[in-house]
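Analysis of the macromolecular model
Below are the chains, spelled out letter by letter.
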Amino acid sequence: MQTPAIRSRGFTLLESLIALAVLSIGLLGLASLQVTALKFNQGSYQRSQAVLLASDIIDRIRANPVGKSAGSYDAVSPSYMPSVTSGQCLSAVCDASHLADYDIASWKGTLSARLRSGTGAISTTGARRVVTIAWKEGDQDTQLVVEADL
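This report concerns the structure included in the present document. (Residues numbered from 1 in each chain as written. Predicted model: local features only at pLDDT ≥ 70, side-chain atom pairs only at ≥ 80, totals over all residues. Heavy atoms only, no water.)

1. Considerations on the packing of aromatic side chains
Definition in use: Pairing of aromatic rings covers Phe, Tyr and the six-membered ring of Trp, with a centre-to-centre limit of 6.5 Å; geometry is then stacked below 30 degrees between planes, edge-to-face above 60, and tilted otherwise. When the NZ atom of lysine or the CZ atom of arginine is within 6 Å of a ring's centre and also within 35 degrees of its normal, the charge is said to sit over that ring.
In this structure the tally under the stated criterion is 0 aromatic pairs. Above the ring of Phe 40, the side-chain terminus of Lys 39 is found at 6.0 Å from the ring centroid.

Right, here's the structure in full:
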């Protein structure tokens, strides 16, 4: 008498372990991709903020032609911070020189608040203004230089 053929049904333990290993590798790759995307997104945000802040100080210089002509915005070093009281030029009328000091102090305060170790400098050659913004992006020093003819 012949014994009937036995059919294998279901997964063996080895097949289950292999499927689990393949799934784990795929999930680790997906997690790595997510971390990289977040890192690049943060860097992109910081660069966008730097561009907006460079445009901000250029617009402030354009809005104060008397201060610009007087040279109030000509040479601003990264370490220079004018002494301006909070609210100055918002609630009181101030002259072009005080407005320039207020603009620079406000700009530098925003730089340090929005960018990690954010600093800014302005240099002038003739009618050309060079705005330099530096910050830390991860472990690297990053810099944006914008030139404008004013």
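2. Describing the side chain of Arg 129
Selection criterion: Numbering of helices and strands runs from the N terminus, with a helix taken as a DSSP run of H or I at least four residues long and a strand as a DSSP run of E at least two residues long. Only protein chains enter the area calculation, which uses a 1.4 Å probe; residues under 20% of their type maximum are buried, those over 50% are exposed, and those in between are partly exposed. Here a polar contact means two N or O atoms within 3.5 Å. Within protein one must be a hydrogen donor candidate and the other an acceptor candidate, and residues neighboring in sequence count only if both atoms are side-chain atoms.
Counting through the fold element by element, Arg 129 comes out in strand β2 (residues 128-137). Overall, Arg 129 belongs to the buried group, its relative accessible area being 2%. Among the polar contacts listed, one links the side chain of Arg 129 to the side chain of Asp 74, at a separation of 3.2 Å. A polar contact is formed between the side chain of Arg 129 and the side chain of Thr 124, at a distance of 3.5 Å.

3. Side note on the environment of Ser 69
Along the chain, Ser 69 falls in helix α2 (residues 65-69). What makes Ser 69 exposed here is its relative accessible area of 65%.

4. A word on the layout of surface pockets
Operational definition: Cavity means a closed set of points on a 1 Å grid over the protein atoms alone, one where a 1.4 Å probe fits but cannot get out, pocket means an open set with protein on both sides within 12 Å along at least 5 of 7 lines, and lining means a residue has an atom within 4 Å of a point. Grid points are joined across faces, edges and corners, and a volume is the space filled by probe spheres set on the points. When residues are grouped by polarity, Ala, Val, Leu, Ile, Met, Phe, Trp, Tyr, Cys and Pro land in nonpolar, Asp, Glu, Lys and Arg in charged, and all others, Gly among them, in polar.
Taken as a whole, the largest pocket spans an internal volume of roughly 210 Å³. Going through the elements one at a time, α1 (13-63) and β2 are the ones with two or more residues in the lining of the largest pocket. Among the elements that take part in the lining of the largest pocket, α1 stands out by supplying 6 residues, more than any other. Across the lining of the largest pocket, the residue classes tally to 1 nonpolar, 5 polar and 6 charged.

5. Describing the pairing of β2
For clarity, the cut-off: Any two strands with at least two DSSP bridges between them are considered paired.
Among the 10 residues that make up β2, 7 are buried, leaving the element largely enclosed by the rest of the structure. In this sheet, β2 lies alongside strand β1 (residues 119-125) in antiparallel orientation, the contact comprising 7 bridges. If you follow Ala 121 over to β2, its bridge partner there is Thr 132. In textbook terms, the turn of a hairpin is the stretch between consecutive antiparallel strands, and for β1 and β2 this stretch comprises 2 residues, one of which, Gly 126, has a positive phi near 65 degrees.

Without other data, these values stay purely geometric and don't point to any function.
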